[in-house]
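Chain residues, written in single-letter form:
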Amino acid sequence: MRYRMSVVVLGILLAAGLAVLGGPASNNLVIGASQEPSNLCPWEGAADTKENLMGIFNVGLTYIDSSGVLQPGLATEIPTESNGRLVVVRDATGQVTRQQVVWTIREDAYWSDGVPITSDDAIFTFKVQNTQEMMVTTRAFSNLVEEIVKIDDKTFRITYGTPNLFYSSVGGSIGLARFYDIAPKHIWGPVYDQVMAQIAAKPENASTIIEGQFLGAPSSTGTGAVVGSGAFKFVEWQINQFIRFARRADFFLAAPGPASNYLQEITVRYIVAQPTLLSGIMAGEIEACDDISLAGMEPAVLRAQLGSQAVVEVTASGFIEKLNFNLFPSCQVAADLLLGDKRTRQAIIQAIDRDDLARTVYPGATVSNSFLVDGDIGFDAALNPWPYNLAAARTLLADLGWADSDGDGTLERTVGGRAIEFRLHWVATTADFRIRTGEILQEMLADVGIKLEVENLPGSVVFSSEYLNHGSECTWRGIVEYAEAGGIGQAPADPLSNELWANDLLEVPVDAELENTPLPENSFGGTNIMGWVSAEFDQLRADALREFDPDKRSAIVKLMQQLYNEELPTVPLYDRSEIVVKMAGLVNYTKGTAAARTQFWNTWEWGWAQNGAVAVR
Amino acid sequence: MATYLVRRVLQLIPTLFVISLLLFGLLAMKPGDPIDEMRRGNPGFTQADYDRLREFYGLDKPWYVQYWRWLGRVVHGDFGTSRQFGRPAAEYVFKYRLPNTVLLSGLSLLLSFSVAVPAGVWSALRQRGFVDYTITVVSFVGVSIPIFWMGIMLIYIFAVQFRGFLPAGGLATPGVTGTWPILGDRLRHLLLPVLALSSLQVAQWTRFMRSSMLETIQLDFVVTARSKGLSERQVIFKHALRNAILPLITLMGLNVPALFSGAILTETVFNWPGMGRAIYDAILVNDFNVAMVSLMFISLLVLLFNLLTDIAYALVDPRIRYG
């Protein structure tokens, strides 16, 4: 009897737990994502996943649509010289030295708690961004802002003391907040005042105060009022599980037809393991995934597994996977292998069948020949494609004095009486596709007599400054492989802020210090971890940064790419792809271009065709 | 006994201090810091930003200076903030992670013990019989199947093939409200991970219990008990089992702290936010505060459970006395 009772109770409990969460039946959507944001703070954070998530309940002054066109968001229109909202000041040589941009916020723009969005919010946002005590991850664009002035409740003017070609773009380039430009003053103002008061009282505790009170504020951790400017409003965040949002009735952008035809709730569930995420999709618990979570999976396999119930889309990510060479003369091992001689790098790129590699390790990826991606300002599609050519690779290596004199299959040469074997160290993270890459490169380079010594280390080790920035001390002594954001042609990845430059020639007067090449003299600072120093490239970069005309800038950027493609300080392997899975019937869940920097840019249009949502993308 | 207990508890303080020093030193030796994590995937991050933030967080100081600052905060009950989640590290570990692990590991422990002890005893009492062979084969299968594979198979069968019968993972279904639905929902989410986590323990402990029982029932005192005319039930459960279970108690005592930190595969496959994944992720992304509070907690558990095991010995075995 007791046993039967237990079974009945268990059955009731299990049945009570059955719940319909997403899908057309409820007009909701459950998205699966592998990475959770650290917080919802508008100023701090870097991960793509946060850009996606913030996009559900925020919209910037502008946004980039799925065709790559910049559209006004909170702003009434995009400032241009022709509409008088952009005023540029040029010097005698015609170069832009300063610029002023006037923005007007829409009259019908409200925060999700009903408070109007005003110029005061914008000015406050910049005040926080510009407060030196504040833990703000980067000030790359806000440092260009000279002042921001309120004109009226809805209009404000930003003055840039240095030209900012990306003055109207997304991703923090306007210079206010990193995420979605404007933050709600009525929510964050009291937090800011409290934090600053505490720091003033105990300046020695600034970091713990900011971590605890600012990044740990209820509006940041989702334990208090989270207010946004977007189509959906925040409902709850169960940490390590999910975040829920509900449609706003008072959002100013609308899709065709009644709002009730479109999604009413969006839930983002965090699932770390790819097999579990995939199981969730197959089990019908997840109806779509973000553009990060299924990276590296084979689209054809996914299509076969999911059948007609789902759509699998492959798009460019804007990230280029590449081999970075140690070019520091001080690293003896690298110097012995002649890595500093461009012919060595040219031989290596021709010894790698990059088409085959991309197809095998990163399905959907396309071979890259530049440090930019398609869509960037000045992207040059006509660069030397460096086709797979073993004969050419062998000839170049022979010209450099390499020969397999002992017949063991590995090249040798003699320097000052020292016999040197071509043993090339390669290091990358432990991501599955990189482990596979190591194996494939090992086989390919063996064909030209290069013995690749493969090492896969955790990402936290590979990307640590003690490791990556100490190539001059041979912490890594051959190649380190990782991906870098392509130029995008938009902020925050200004094509000219990449890792290739060595000396910032924009300073007045120009000094000889190599600011961007990690050396003991600059405390190993900088992002040019290869140690590639090209005065010509640096000059072109400086010229391009001073050039405000997009066409002229494009021409200079093309010259930079030609130089890069010839010198190959890094060997570009492929433009990485991203995979998005969505259930059949989910419309307008369309990834923006790489320039948009976010997948979730048009949540107000998302809906189920079964419920009358109209596909406009 | 009381003196012994006080002495052992007092010994915990210097032991924990040395452990904290070692852990902090080891984490500091690991390449990378939280600022490297901020730089990753942030193309606008400049060297000036990097230098500014390192100074801001005091990461430009030697590790022992950072350790003293950390220790100074800890003695005031402040374990710092999780840079991964912007919450107090202790709150993150003890409020959001530990309860999930206690629930999962506790139920798994209970299930494993409830199944393994009777199965082991039964197997021993039916040595070389059908039951013994069946339990032995099942135990070997359980020991041989990796937990992650078992988990994936369970998900495939109960969540994918029988679509919607049980959830594929997670802690709870978003949006479920009401006491009974929440309870039922939690139970549905627990079933598969508990089964997966218990499978290995049940198999191992059954084998262990069987061996121990087999040894015990051949000892003289069991023969004496039988010769005194006690019923077989009394011989087995009152005399033999109490002695045979002693080694299993030791094993469990040593295993319990590991359960709090070591269910990482089960947690990952079933997307169960527990301690194992918290520690792993914290170390990977250089979230030192979370790593330190978690590892210190696990260290404390190891020390405490060693102490508890010793006490349990004394309670179960009247021959053991501490003075």
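Cut-offs applied
- Residues numbered from 1 in each chain as written.
- Chains lettered and ligands numbered in written order.
- Predicted model: local features only at pLDDT ≥ 70, side-chain atom pairs only at ≥ 80, totals over all residues.
- Helix = DSSP H or I, 4+ residues; strand = E, 2+ residues; numbered from the N terminus.
- Rg over C-alpha atoms; globule rule 2.2 N^0.38 Å.
- Buried ≥ 20, exposed ≤ 12 C-beta atoms within 10 Å, placed from the backbone.
- Contact = placed C-beta atoms within 7 Å.
- Pairing = 2+ DSSP bridges.
- Axes fitted to C-alpha atoms, helices over the stretch in contact; angles between N-to-C directions.
- Expected span 1.5 Å × (residues − 1).
- Bend = angle between axes of the 7 residues up to and from the residue.
- Parallel < 35°, antiparallel > 145°, perpendicular 65-115°, else oblique.
- Left-handed = near helix turned anticlockwise from the far one by under 90°.
- Nonpolar A, V, L, I, M, F, W, Y, C, P; charged D, E, K, R; others polar.
- pLDDT = per-residue confidence, 0-100.

Let's shift gears to the overall build of chain A. Helix and strand content of chain A: 17 helices and 21 strands. Computed over its C-alpha atoms, the radius of gyration of chain A comes to 27 Å, within 12% of the 25 Å expected for a compact globule of 617 residues. Principal-axis analysis of the C-alpha atoms gives chain A an extent of 80 × 80 × 50 Å. Expressed as a percentage of its 617 residues, the buried residues of chain A come to 54%.

What follows concerns the interface of chain B and chain A. Facing 55 residues of chain B, the contacting portion of chain A comprises 59 residues. Those elements that place two or more of their residues in the side of chain B that touches chain A are helix 2 (34-39), helix 3 (47-56), helix 7 (147-161), helix 8 (179-216) and helix 12 (264-269) of chain B. Examining the composition of the side of chain B that touches chain A, we find that 7 residues originate from one element, helix 8 of chain B, more than from any other.

It is worth spelling out the pairing of strand 5 (residues 96-104) of chain A at this point. All names here are of chain A. By the bridge criterion, 5 bridges tie strand 4 (residues 86-90) to strand 5 in an arrangement that is antiparallel. Looking across to strand 5, one finds that Val87 is bridged to Gln100. Taking the residues between adjacent antiparallel strands as the criterion, strand 4 and strand 5 are bridged by 5 residues, where Gly94 takes a positive phi near 90 degrees. As judged from the 6 bridges shared by strand 5 and strand 7 (residues 155-160), these two strands associate in the antiparallel manner. By the bridge assignment, Trp103 is partnered in strand 7 with Phe156.

Quick look at the sheet that holds strand 7 of chain A now. Residues and elements named next belong to chain A. The strand order across the open sheet built from 4 strands is 4-5-7-6, with neighbouring strands paired in antiparallel fashion. Single-partner strands in this sheet number two, and they are strand 4 and strand 6 (145-150). Strand-to-strand, the axes of this sheet are offset by a mean angle of 15 degrees, without reference to chain direction. As defined by bridge partners, strand 6 adjoins strand 7 across 5 bridges and the pair is classed as antiparallel.

This next bit is on unusual backbone geometry. All names here are of chain A. With a phi angle near 65 degrees, Asp181 is a residue other than glycine that sits in the positive phi range. You can see Asp181 is positioned in the loop between strand 7 and helix 4 (185-201). You can call Asp181 buried: it has 28 C-beta atoms within 10 Å. The backbone of Asn240 sits at a positive phi, close to 70 degrees, despite the residue not being glycine. With respect to the element layout, Asn240 can be found in the loop between strand 8 (232-238) and strand 9 (242-247).

Before going further, it helps to examine helix 8 of chain B. With 38 residues, helix 8 of chain B extends just 47 Å between its outermost C-alpha atoms, more than 12% less than the 56 Å of an ideal straight helix rising 1.5 Å per residue. Helix geometry: helix 8 of chain B is bent most strongly at Ser198(B), by close to 35 degrees.

All right, on to the packing of helix 16 (residues 535-546) of chain A against helix 17 (residues 550-567) of chain A then. Residue and element names in this part refer to chain A. The N-to-C vectors of helix 16 and helix 17 enclose an angle of 160 degrees; their axes lie 9 Å apart at closest approach. For the element pair helix 16 / helix 17, the angle class is roughly antiparallel. You can see that helix 16 and helix 17 cross each other, and the crossing is left-handed. On the side of helix 16, the interface is formed by Glu536, Phe537, Leu540, Arg541, Asp543 and Ala544, while helix 17 contributes Arg553, Ile556, Val557, Leu559, Met560 and Leu563. For the contact of helix 16 with helix 17, the residue count by class is 8 nonpolar, no polar and 4 charged.

What follows deals with the confidence of the model for chain B. Residues and elements named next belong to chain B. Of the residues in chain B, 96% reach a pLDDT of 70 or more, and the chain-wide mean stands at 86. No element of chain B has a lower mean pLDDT than helix 2, at 75, and none a higher one than helix 8, at 92. For this predicted complex, the interface confidence score (ipTM) comes to 0.82, while the overall pTM stands at 0.85.

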